[in-house]
Amino acid sequence: RVLEKLAHDISTQSIAFGWEEFLESGSALPSHSLAAAESADAVLLGAVSSPSYRVENYRSCVVELRRELNLHTIIRPTIDLTSGVDFVVFREATEGLYAGVERSDGQVAVTERIISRSACESFLASVLPWIERENRRRVTIVHKANILRESCGLFREVAHEVLSGRGLVVDEMLVDAAAYKMATQPESFDCIVTSNLFGDILSDLAAAFGGGIGTAASATLGSGTPIFESVHGSAPDIAGRGIANPVATLRALALLLQHLGRTKEAMTLKRALAIHAIEGPQTPDAGGRATTEDVSEAVIDYLTTTSAHMTPGKKHH
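Please read all numbers here as calculations on a predicted model, not as lab measurements.

Cut-offs used in this document
- Residues numbered from 1 in each chain as written.
- Predicted model: local features only at pLDDT ≥ 70, side-chain atom pairs only at ≥ 80, totals over all residues.
- Heavy atoms only, no water.
- Salt bridge = Lys/Arg side-chain N within 4 Å of Asp/Glu carboxyl O.
- Helix = DSSP H or I, 4+ residues; strand = E, 2+ residues; numbered from the N terminus.
- Buried < 20%, exposed > 50% of the residue type's maximum accessible area, 1.4 Å probe, protein only.
- Axes fitted to C-alpha atoms, helices over the stretch in contact; angles between N-to-C directions.
- Parallel < 35°, antiparallel > 145°, perpendicular 65-115°, else oblique.
- Contact = heavy atoms within 4.5 Å.
- Nonpolar A, V, L, I, M, F, W, Y, C, P; charged D, E, K, R; others polar.
- Left-handed = near helix turned anticlockwise from the far one by under 90°.
- Pairing = 2+ DSSP bridges.
- 1 Å grid on protein atoms, 1.4 Å probe; cavity = no way out; pocket = protein on both sides within 12 Å on 5 of 7 lines; lining within 4 Å.
- Points joined across faces, edges and corners; volume = space filled by probe spheres on them.
- Core = buried A, V, L, I, M, F, W, Y, C linked by side-chain atoms within 4.5 Å.
- pLDDT = per-residue confidence, 0-100.
- Polar contact = N/O pair within 3.5 Å; in protein donor to acceptor, adjacent residues only side chain to side chain.

### A word on the pattern of salt bridges
Part 1: A complete count under the given rule lists 17 salt bridges for this structure.
Part 2: A salt bridge links Asp171 to Arg138; the shortest N-O distance between them is 3.2 Å. Note that Asp171 is positioned in strand 7 (residues 169-174) and Arg138 in strand 6 (residues 138-143), a separation of 33 residues in sequence.
Part 3: Among the salt bridges present, the one from Glu172 reaches Arg156, with a minimum N-O distance of 2.7 Å. One end of the pair, Glu172, is in strand 7; the other, Arg156, is in helix 6 (residues 151-163), and 16 residues separate them in sequence.
Part 4: For Arg156, a relative accessible area of 32% corresponds to the partly exposed category.
Part 5: Counted as one network, the salt bridges with shared partners bring together Arg117, Glu121, Glu157 and Glu161.

### Quick word on the packing of helix 7 (residues 175-184) against helix 8 (residues 196-207)
Part 1: Where helix 7 meets helix 8, the axes come as close as 10 Å, and the angle between the chain directions of the two elements is 10°. Here helix 7 is positioned roughly parallel relative to helix 8, judged by the angle of their axes. Residue-level contacts link Val175, Ala179, Met182 and Ala183 of helix 7 to Phe198, Leu202, Leu205 and Ala206 of helix 8.
Part 2: Partitioning the contact of helix 7 with helix 8 into residue classes produces eight nonpolar, no polar and no charged.

### What to know about unusual backbone geometry
Part 1: Backbone torsion omega between Gly280 and Pro281 reads 0°, so that peptide bond is classified as cis.
Part 2: Of note, Asn70 is a non-glycine position whose phi angle comes to about 55°, a positive value.
Part 3: Unlike most non-glycine residues, Ala235 shows phi in positive territory, near 50°.
Part 4: Looking at the element boundaries, Ala235 is found in the loop between strand 10 (227-230) and helix 9 (247-259).

### Points about the packing of helix 10 (residues 263-279) against helix 11 (residues 292-306)
Part 1: Orientation of helix 10 relative to helix 11, taken along the N-to-C sense of each, is 125°, at an axis distance of 8 Å. Here helix 10 is positioned oblique relative to helix 11, judged by the angle of their axes. Of the two elements, helix 10 crosses helix 11, and the hand of that crossing is right-handed. Of helix 11, the residues touching helix 10 (which contributes Thr268, Leu269, Arg271, Ala272, Leu273, Ile275, His276 and Glu279) are Val295, Val299, Tyr302, Leu303, Thr305 and Thr306.

### Digging into the pairing of strand 8 (residues 191-194)
Part 1: Here strand 8 shows two buried faces, one formed by Cys191 and Val193 and the other by Ile192 and Thr194.
Part 2: The pairing of strand 3 (residues 85-92) with strand 8 spans four bridges and is parallel. In the strand pairing of strand 8, Phe90 is matched with Val193.
Part 3: Inspection of the sheet shows strand 6 paired to strand 8 by three bridges, in the parallel sense. What sits directly across from Ile141, in strand 8, is Val193.

### Digging into empty space enclosed by the protein
Part 1: Tallied over the full model, the rule gives one cavity of 30 Å³ or more.
Part 2: Reported here for the largest cavity is a volume of approximately 50 Å³.
Part 3: Examining the composition of the lining of the largest cavity, we find that three residues originate from one element, strand 2 (residues 71-80), more than from any other.
Part 4: Its residues placed into classes, the lining of the largest cavity shows four nonpolar, four polar and two charged.

### Considering the nonpolar core
Part 1: Core analysis: the largest hydrophobic core is formed by 51 residues, its most contacted members being Val2, Phe90, Leu163, Val193, Phe228, Leu257 and Leu269.
Part 2: Of the residues forming this core, the biggest block, eight residues, is contributed by helix 9.
Part 3: Ignoring anything within four residues of it in the chain, the contact list for Leu163 reads Leu128, Val139, Ile141, Leu168, Val170 and Val193.
Part 4: Val43, Val62, Leu71 and Ile227 belong to the second-largest nonpolar core, a separate cluster that totals 17 residues.

### A look at the confidence of the model for the chain
Parts of the prediction with low pLDDT should not have their coordinates interpreted in detail.
Part 1: Looking at the chain, the pLDDT average stands at 91 and 97% of residues meet or exceed 70.
Part 2: In the predicted structure, residues 308-317 sits below a pLDDT of 50 and forms 22 contacts with residues beyond four places in sequence or in another chain.

### A short note on the environment of Ser60
Part 1: By the secondary structure assignment, Ser60 is in the loop between strand 1 (43-45) and helix 4 (61-68).
Part 2: Here Ser60 falls in the partly exposed class, since its relative accessible area comes to 32%.
Part 3: Between the C-alpha atom of Ser60 and that of Ser49, which follows or precedes it by 11 residues, the distance is 9.3 Å.
Part 4: Of the polar contacts made by the side chain of Ser60, one reaches the backbone nitrogen of Val63; its length is 3.3 Å.

Following this line, the structure appears as structure tokens:
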């Protein structure tokens, strides 16, 4: 409904994906769904469930979709203008401990941590345009090269090679020190570049300073169709109650519009969400009593007050 209000010329298609689809068809990412994602200009991804126990023939459908679309960079902005927090976590999305190379004999389980120069270079090359467009100036490389000398050592080495000589202030921190500093001085960060697992954990910690996990959104970029999504889970404990926070999905939509070149529409939505953050109403996770519908209606109302005219743009789907 927000997208229809902002840019009615953008067409949408819903595709089946996730755990429920796996139970129904035997595939969490059916071939026709993948084909639809590949042919689109962007994907707005809904929250999906995954079992925490082993299921024969099931793998994380989100990881699989990223791999099939050749997406290697996850971007997680965290902004709270009232406290001065405004930083971005850039996370490599294909390797590390999430590469999916595991084995177990029932007594010993082994997961391989894979870091390659080519993946690091692709990741960092995609980070630079975002940093430049957002006019950011300082980048912190987060690693654990004092212990993981080979894998983190290679990530650190490539990061310095790619980021140096570009007019940026580049520093580095061990991941545990970075976590502590983020928890105590989040306003001190500007950009963080890090590997897959570290980025996953740090970006969720960052959400605490941007309104909570119910408001956090991400962009996943690479050579294929980009994905934009809320980062919270499917929250089965509140399913059907109408109290889920829609702000994360709307922030993901703002990132999507920005990526498609619909800058005015993206800014209009961001302003509406900024008004909502101050004026409310809020869902229970954010300390309020509003429903999903209440928040959606309020944001749509705020859109009207923040946009006088919409500029026609290139048609996307």
